[in-house]
There are 2 protein chains.
Amino acid sequence: MKVLIVGLGLIGGAYAYRLSQKKYEVYGCDIDSEAISYAEKKQYILEGSTDPKKYIEQCDCIILGIYPQAILHFLETYRKYFKKNQYITDVCGVKSSFVEQATVLAEPAIYCSHHPMAGKEKVGISYSEECVFEGANFLITPLDRTPKSIVEFLKGLGKDLGFSKITVISIDRHDKMIGFTSQLTHAIAVALVNSDEDMETKNFIGDSYRDLTRIAEINERLWSELFLENREYLLDHIRHFEEKLNEIQTALIQKDKEALKTIFIASAKKRREMEK
Amino acid sequence: MKVLIVGLGLIGGAYAYRLSQKKYEVYGCDIDSEAISYAEKKQYILEGSTDPKKYIEQCDCIILGIYPQAILHFLETYRKYFKKNQYITDVCGVKSSFVEQATVLAEPAIYCSHHPMAGKEKVGISYSEECVFEGANFLITPLDRTPKSIVEFLKGLGKDLGFSKITVISIDRHDKMIGFTSQLTHAIAVALVNSDEDMETKNFIGDSYRDLTRIAEINERLWSELFLENREYLLDHIRHFEEKLNEIQTALIQKDKEALKTIFIASAKKRREMEK
């Protein structure tokens, strides 16, 4: 199985690193020749180039590890080289905004999107080996018309990469859920850190603040795209979160201890169930 | 140095466990005789009783590992046994609401409050050995009139317990800062988990959701007290946090990518500086 990874960033690099140790022949492309040299030197890839044309036709699968808006641009630019029975996929964190169009642009190749739910608050291939996929969720998001063969291929890919739980869902459901578990959490962490206006806060932090704000060290180019491409769901989730925060505010204003307890009992129960 | 620990819960137990390995003679009290048996069996204490009178007069220091509202009740009940030059302290997570009064009630003993910024989302002495104090902040909160000798004693206590950073601050500043780094983070985590109304969320979580919601498994008795005793500061912090979340909302509604990037760059910079 010959695989071309387009975009040797944190995730593309982690895929190359892991797949090259399995039964895959891995090639790599990036606009940054230093990322390619790094991947070659570390033997994540057999070889790489800044020009994807060099590998597209000979590869069985193309994995796009690039930003949401770059995906359609890539497909438009290189569509004349795509072949029948070739698989194309991407690792993007939002789906509804482009997958329909990507599927058309990829023809005659077969397109199916997926989302590896793991990463780090770091940018670039030099952190790729630190990406932990074990224990993490791997989501495959076919359209109704997507051939089963690529879904099966992606299940194997997720397994080979080391992911623990592989789930197949629609792009809409994906974006709704990810808007909650990923984009909302990032919005909250960012707002929390930005609401800190004291110079000495770090002398007063415990694990809770440290854990809640880790993801506020955010890649602004990637996440501004993800937020905007999933803005409807994200706005819904923010509103709903604010309603729940307002319930706490109201209980505080009214000095209503029983209301606070009820709110805390509910969250503790829900959080415990999550770990089951 | 003879120490009486009142309240053999998670933190009281952790203090007993650690101090008994140092130069302290540790005695323990709790309303729950099972907690006492556990502490005796594990040799966290030399001996214990449900009746604090048994040890108060012979101890050099009394550490109150009990809930905020129980502190004043304890001091009122046992004040006739307190001695001159005896130190009394507590581990409570809020200060302004009771320290002034506690200092008076403790006389002729010397009172000074402190706050060990470490814990777990678990209740009870059986989790005490899992409390990690290394790397954590230890805050000492004297009043203007508090004798220096107890502040120095508490610095030594914090060091003997294993804390990494010991800071002396006023009770007001403590409550303002802790309202932000501790109570606000708990309010956010609780609201986030309670805003989840999907049965399958756990299939779609990554590290970010897991980290942000860990503390939503909250002890409702303790935290309803902490929230209410620090409600003014906490309400201020919630309002300010919501303003910052609204900035993200506005950028999303206006599809303003540059505004989002500016917000993310600010949070990333601030979060990186926190780790320095």
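Conventions used here
- Residues numbered from 1 in each chain as written.
- Chains lettered and ligands numbered in written order.
- Predicted model: local features only at pLDDT ≥ 70, side-chain atom pairs only at ≥ 80, totals over all residues.
- Heavy atoms only, no water.
- Helix = DSSP H or I, 4+ residues; strand = E, 2+ residues; numbered from the N terminus.
- Salt bridge = Lys/Arg side-chain N within 4 Å of Asp/Glu carboxyl O.
- Phe/Tyr/Trp six-rings, centres within 6.5 Å; stacked < 30°, edge-to-face > 60°.
- Contact = heavy atoms within 4.5 Å.
- Buried area = accessible area lost by both parts, 1.4 Å probe.
- Polar contact = N/O pair within 3.5 Å; in protein donor to acceptor, adjacent residues only side chain to side chain.
- Nonpolar A, V, L, I, M, F, W, Y, C, P; charged D, E, K, R; others polar.
- Buried < 20%, exposed > 50% of the residue type's maximum accessible area, 1.4 Å probe, protein only.
- Arc of directions from axis to C-beta.
- Domains from an automatic or database assignment.
- Pairing = 2+ DSSP bridges.
- Least-squares fit on C-alpha atoms with pLDDT ≥ 70 in both.
- Patch = residues over 30% accessible without salt bridge, like charges linked within 9 Å, V, L, I, M, F, W, Y side chains within 5 Å.
- Areas by Shrake-Rupley, 256 points an atom, 1.4 Å probe, with all protein chains shown as cover.
- Lys, Arg positive; Asp, Glu negative; His and termini not counted.
- Charge placed at Lys NZ, Arg CZ, Asp CG, Glu CD.

Caption draft 1: Seen up close, unusual backbone geometry. Residue and element names in this part refer to chain A. With an omega dihedral of 10 degrees, the bond running from Glu107 to Pro108 counts as a cis peptide bond. Inspection of the secondary structure assignment puts Pro108 in the loop between helix H5 (99–106) and strand S6 (110–111). Residue Gln43 is not a glycine yet carries a positive backbone phi of 60 degrees. Here Gln43 lies in the loop between helix H2 (33–41) and strand S3 (47–49).

Caption draft 2: Structural view of the pattern of salt bridges. All told, the structure shown has 38 salt bridges over all chains when counted by the stated rule. One salt bridge connects A:Glu200 with B:Arg173, and the closest N-O pair in it is separated by 2.8 Å. With one member in each of two chains, A:Glu200 in the loop between helix H7 (171–194) and helix H8 (207–213) and B:Arg173 in helix H7 (residues 171–194) form a pair that bridges those chains. In this structure, B:Lys155 engages B:Glu152 in a salt bridge whose closest nitrogen and oxygen atoms are separated by 3.3 Å. Taken together, the residues B:Lys155 and B:Glu152, both in helix H6 (residues 148–161) and three residues apart, mark about one turn of the helix. One salt-bridge network, in which partners are shared between bridges, spans A:Arg173, B:Asp198 and B:Glu200.

Caption draft 3: Representation of the packing of aromatic side chains. A full pass over the atoms with the stated rule returns 27 aromatic pairs over all chains. With 6.3 Å between their ring centres and 85 degrees between their planes, A:Phe241 and B:Phe241 make a pair best called edge-to-face. Taken together, the residues A:Phe241 in helix H10 (residues 231–253) and B:Phe241 in helix H10 (residues 231–253) connect one chain to another. Consider the rings of B:Tyr38 and B:Tyr44, whose centres lie 6.2 Å apart with planes at 70 degrees: the pair is edge-to-face. The rings of A:Tyr15, A:Phe133, A:Phe138 and A:Phe163 are connected pair by pair, giving a single aromatic cluster.

Caption draft 4: View of the interface of chain A and chain B. The interface is formed by 87 residues belonging to chain A together with 87 residues belonging to chain B. In total, about 8,500 Å² of surface goes out of reach between chain A and chain B, with carbon and sulfur atoms giving 65% of it. Here chain A is connected to chain B by eight salt bridges. For B:Arg173, the salt bridge goes to A:Asp198, with nearest N and O atoms at 2.8 Å. Run the count over chain A and chain B and you get 38 residue pairs in polar contact (both at pLDDT 80 or more). Elements with a minimum of two residues in the side of chain A that touches chain B: strand S8 (137–141), strand S9 (165–168), H7, H8, helix H9 (220–229), H10 and helix H11 (257–274) of chain A. Classifying every residue of the side of chain A that touches chain B by side-chain character gives 39 nonpolar, 19 polar and 29 charged.

Caption draft 5: Fine view of helix H4 (residues 68–78) of chain B. Turning to H4(B), its buried residues are B:Pro68, B:Ile71, B:Leu72, B:Phe74, B:Leu75 and B:Tyr78. Down the axis of H4(B), the buried side of the element spans an arc of 160 degrees, and every buried residue falls inside it.

Caption draft 6: Highlighting the side chain of B:Thr89. Residues and elements named next belong to chain B. Here Thr89 shows up in strand S5 (residues 87–90). At 2.6 Å, the side chain of Thr89 forms a polar contact with the backbone oxygen of Cys112. When sequence neighbours within four positions are dropped, the list of residues in contact with Thr89 reads Ile62, Ile63, Leu64, Tyr111, Cys112, Ser113, His114 and Leu154.

Caption draft 7: Region of the structure containing the domain arrangement of chain A. Residues and elements named next belong to chain A. Domain assignment breaks chain A into domain 1 (2–169) and domain 2 (174–274). Here the C-alpha centroids of domain 1 and domain 2 sit 31 Å apart. Facing the 18 residues of domain 1 at the interface are 15 residues of domain 2. Both sides of the domain 1 and domain 2 interface together cover about 1,500 Å² of buried area, and 57% of this is carbon and sulfur. Counting across the interface, domain 1 meets domain 2 through zero salt bridges. Summed over the shared surface of domain 1 and domain 2, the result is six residue pairs in polar contact (both at pLDDT 80 or more). Among the elements of the structure, helix H4 (68–78) and S8 are those that each provide at least two residues to the side of domain 1 that touches domain 2. Of the residues that constitute the side of domain 1 that touches domain 2, the class distribution is nine nonpolar, six polar and three charged.

Caption draft 8: Seen up close, the sheet that holds strand S1 (residues 2–6) of chain A. Across the sheet, which stays open at both edges, the six strands sit in the order S3-S2-S1-S4-S5-S6 (chain A) with parallel pairing between neighbours. The sheet is open, and its two edges are formed by S3 and S6 of chain A, each paired on a single side.

Caption draft 9: A look at the relation of the copies chain A and chain B. Once chain A has been moved 0.0 Å along the axis and rotated by 180 degrees, it coincides with chain B to within an RMSD of 0.1 Å. Those values place the two copies in the arrangement expected of a two-fold rotation axis. No C-alpha of chain A approaches the rotation axis more nearly than that of A:Leu212, which lies at 2.3 Å. Both copies present the same face, since 100% of the interface residues in chain A are matched by interface residues at the equivalent positions in chain B.

Caption draft 10: Representation of a positive patch on the surface within the structure. Positive charge collects at one region of the surface, where A:Lys165, A:Arg272, A:Lys276 and B:Lys202 lie side by side. Structurally, B:Lys202 can be placed in the loop between H7 and helix H8 (207–213). Relative accessible area serves as the criterion here: at 35%, B:Lys202 is assigned to the partly exposed category.

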